[in-house]
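# An overview of the molecular structure
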Amino acid sequence: AATRAVVARSVLGVAIRISGVLYASGSLILPALIARHAARTARGVFILAPLIAFATGVMAFIVAHDRDLPPAQVHVLLMALLAALARWVRRGSGA
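What counts and what doesn't
- Numbering of residues begins from 1 in every chain and follows the order in which that chain's sequence is written.
- Residues qualify for local features only when their pLDDT is at least 70, as the model is predicted, and side-chain atom pairs are given and counted only at 80 or more; totals for whole chains, interfaces and linings, by contrast, use all residues.
- Here the side-chain values reflect all heavy atoms present in the structure, with hydrogen atoms and water set aside.
- Exposure above 30% relative accessible area and no salt bridge define the residues that can form patches, which grow by joining like charges within 9 Å and nonpolar side chains of Val, Leu, Ile, Met, Phe, Trp and Tyr within 5 Å.
- Where accessible areas are quoted, they stem from the Shrake-Rupley method and a 1.4 Å probe; at the residue level, only the protein chains shown are allowed to cover.
- The term salt bridge refers to a pairing of a side-chain nitrogen on Lys or Arg with a carboxyl oxygen on Asp or Glu at a separation within 4 Å.
- What counts as a helix is a DSSP run of H or I of at least four residues, what counts as a strand is a run of E of at least two, and both are numbered from the N terminus.
- By this rule the span expected of a helix is its residue count minus one, scaled by 1.5 Å.
- To obtain the bend at a residue, axes are fitted to the seven residues ending there and to the seven starting there, and the angle between these axes is taken.
- Buried means the residue's accessible area, taken with a 1.4 Å probe over protein chains only, is under 20% of the maximum for its type, while exposed means over 50%, and partly exposed covers the values in between.
- Scored between 0 and 100, pLDDT is the confidence that the predictor attaches to each residue.
- The contact definition used throughout considers only heavy atoms, calling two residues in contact when any of these lie within 4.5 Å.

### A look at a nonpolar patch on the surface
- On the surface, a nonpolar cluster with roughly 510 Å² of combined accessible area is contributed by L12, I16, V21, L28, I29 and L33.
- When contributions to the nonpolar patch are tallied by element, the ones reaching two or more residues are helix 1 (2–19) and helix 2 (21–38).
- A per-element tally of the nonpolar patch places helix 2 first, with four residues.
- The topology assignment puts I29 in helix 2.

Now the structure itself:
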């Protein structure tokens, strides 16, 4: 277990160095936040979060390629907009 934690920290540290703080933080936090608003159970969050990250990543890559923008920043922006929308919809439903 301790070895796994060291490996996870090392991988996360390298990812932050390579891709930047904004992208690494957004990729870790935003999909789970969106899934939390959309799912009813913890299991649903664990299933939805990676699917949301993948789907928004594909959409961001397409938009970034079409508009000649940096894909990582477009991905984080798209997830942030989706998180705001999910929160707004959730508040409107009274949940």
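Having seen the model, we can carry on.
### Digging into helix 3 (residues 42–67)
- With 26 residues, helix 3 extends 36 Å from end C-alpha to end C-alpha; this agrees with the ideal 38 Å at 1.5 Å per step.
- Residue L48 marks the point of greatest curvature in helix 3, where the axis turns by about 25°; the proline P50 follows within four residues.
- G44, A49, I52, T56, A60 and A64 are the residues of helix 3 that are buried.

### Points about the confidence of the model for the protein
- Mean pLDDT over the protein stands at 89; residues scoring 70 or higher make up 97%.
- Within the protein, the element-level pLDDT minimum falls on helix 1, averaging 82, and the maximum on helix 3, averaging 96.

### Quick look at the environment of A64
- By the element assignment, A64 lies in helix 3.
- Judged by relative accessible area, A64 falls into the buried class, the value being 3%.
- Separated by ten residues in sequence, A64 and V74 place their C-alpha atoms 6.4 Å apart.
- Once residues lying within four places of it in the same chain are set aside, the contact partners of A64 are L69, P70, P71 and V74.

### Thoughts on helix 2
- Over its 18 residues, helix 2 runs 26 Å from end to end, which matches the ideal 26 Å to within 8%, given 1.5 Å per residue.
- Three or more residues of helix 2 are buried, namely A24, G26, L30, P31, I34, A35 and H37.

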